[in-house]
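# Observations on the model geometry
One-letter residues, chain by chain:
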Amino acid sequence: MRLREIISDHVAGKFDAFQRTELELLASGMRSSDDERLRTESLLCRLLDEGVPDDKHWWDAIALLIDYGGIHSSSVFEKLEQMVWMPQSCGVHCRAVIYGILASGGKPPTSWALSNDLEFRQKHPLEWIDLIVPMLPDVFDRQQVILEEIAAGTFSVRQLETRLDKIRLAGGSHLGEWLEQIGLTVPVSQRKRFWAIANSAFGPDRSKLARRPGHRPLATRTRPGNSGRGSLAAKSIQNSPALANNIKFIQAGGLSDRRNRARELV
């Protein structure tokens, strides 16, 4: 199939005189021609049916084609959704990039799927947090997954600084109490820096908030069955026994930087 060859050449780094690959030219042409886009969507569906190498560079190339080429075919996205549920046809890098593609296309993975995505969380917790926090309707759950990753050493204050939108979303209507709890969870050596960032981003000096008598911050109020890192996953598995046999289907490589590459092409 010609599309397979085009992607292979892109992965191999075969550029023209202007440092463009044929895949990039194809994606550019798709944006200006509906016929070209529809034809490529059909070819991509066939390619996914035939199988794609479990290679990060291959999947980054497919993601670039979808993102920059403007592919929004329901057939393509349905096939991608099916692939993450089929461990025999979708490996580590495949699943990682598909999550990003689905999120970019307005069909992000559910919090149920992500909370049971144990290997993805373990190997790429930052990307996992980025995906799951907006999908959790419950403020307590948003706070718990973030605090678990901070306590596990996943988040440095610098990494928190780049995710202030997630911090605000997790705070809900109790942002001050939430920031206080984060301040108590980050390493002592990073607390001064955290409060400088929090106070600059969210307003008054929240590091001096006084707790009400007998009050415990929201994220420290425990629930039955919610203890320790991965408790959301454990809860979902317990509630869905049939899921236990399928938990091994998820591993992940890093989400690609395809959007940066796409911007360079515009």
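Residues numbered from 1 in each chain as written. Predicted model: local features only at pLDDT ≥ 70, side-chain atom pairs only at ≥ 80, totals over all residues. Heavy atoms only, no water.

### A look at the overall build of the chain
Summing up its helical and strand segments, the chain has 16 helices and zero strands in all. In the chain, which comprises 266 residues, the share counted as buried stands at 46%. Taking the intrachain contacts of the chain between residues at least 6 apart in sequence as the baseline, contacts between residues at least 24 apart amount to 69%. (Helix = DSSP H or I, 4+ residues; strand = E, 2+ residues; numbered from the N terminus. Buried < 20%, exposed > 50% of the residue type's maximum accessible area, 1.4 Å probe, protein only. Contact = heavy atoms within 4.5 Å.)

### A few points about the environment of Leu 131
Along the polypeptide, Leu 131 turns up in helix H9 (residues 125–132). The exposure class assigned to Leu 131 is buried, which follows from its relative accessible area of 11%. It is 8.4 Å that separates the C-alpha atoms of Leu 131 and Gly 100, two residues lying 31 residues apart in sequence. Not counting the four nearest positions on each side in its chain, Leu 131 is found in contact with Tyr 99, Ala 103, Leu 114 and Phe 120.

### Overview of unusual backbone geometry
Unusually for a residue other than glycine, Gln 19 sits at a positive phi of about 60 degrees. Along the chain, the position of Gln 19 falls in the loop between helix H1 (2–12) and helix H2 (22–32).

### Considering the environment of Arg 95
The residue Arg 95 is located in helix H6 (residues 92–104) in this model. Residue Arg 95 is classed as buried on the basis of its relative accessible area of 4%. C-alpha of Arg 95 to C-alpha of Met 83: the two residues are twelve residues apart in sequence and 7.8 Å apart in space.

### Points about the nonpolar core
Core analysis: the largest hydrophobic core is formed by 34 residues, its most contacted members being Leu 44, Trp 59, Ile 66, Leu 80 and Ile 98. Contributing elements (two or more residues each) for this core: H1, H2, helix H3 (34–50), helix H4 (56–69), helix H5 (74–84) and H6. Per-element accounting of this core gives the leading share, nine residues, to H4. Discounting chain neighbours no more than four positions away, the residues touching Leu 80 are Leu 48, Trp 59, Ile 66, Ile 98, Ile 101 and Leu 102. (Core = buried A, V, L, I, M, F, W, Y, C linked by side-chain atoms within 4.5 Å.)

### Quick word on the pattern of salt bridges
Within the structure shown, the criterion is met by 16 salt bridges. Among the ionic pairs, Asp 16 bridges to Arg 20, the shortest N-O distance being 3.3 Å. For the salt bridge of Arg 39 with Glu 36, the shortest nitrogen-to-oxygen distance reads 3.1 Å. With Arg 39 and Glu 36 both in helix H3 and three residues apart, the pair spans about one turn of that helix. What makes Arg 39 partly exposed here is its relative accessible area of 44%. Residue Glu 36 is classed as partly exposed on the basis of its relative accessible area, which comes to 24%. When salt bridges with common partners are traced through the structure, they connect Arg 2, Glu 5 and Glu 22 into a single cluster. (Salt bridge = Lys/Arg side-chain N within 4 Å of Asp/Glu carboxyl O.)

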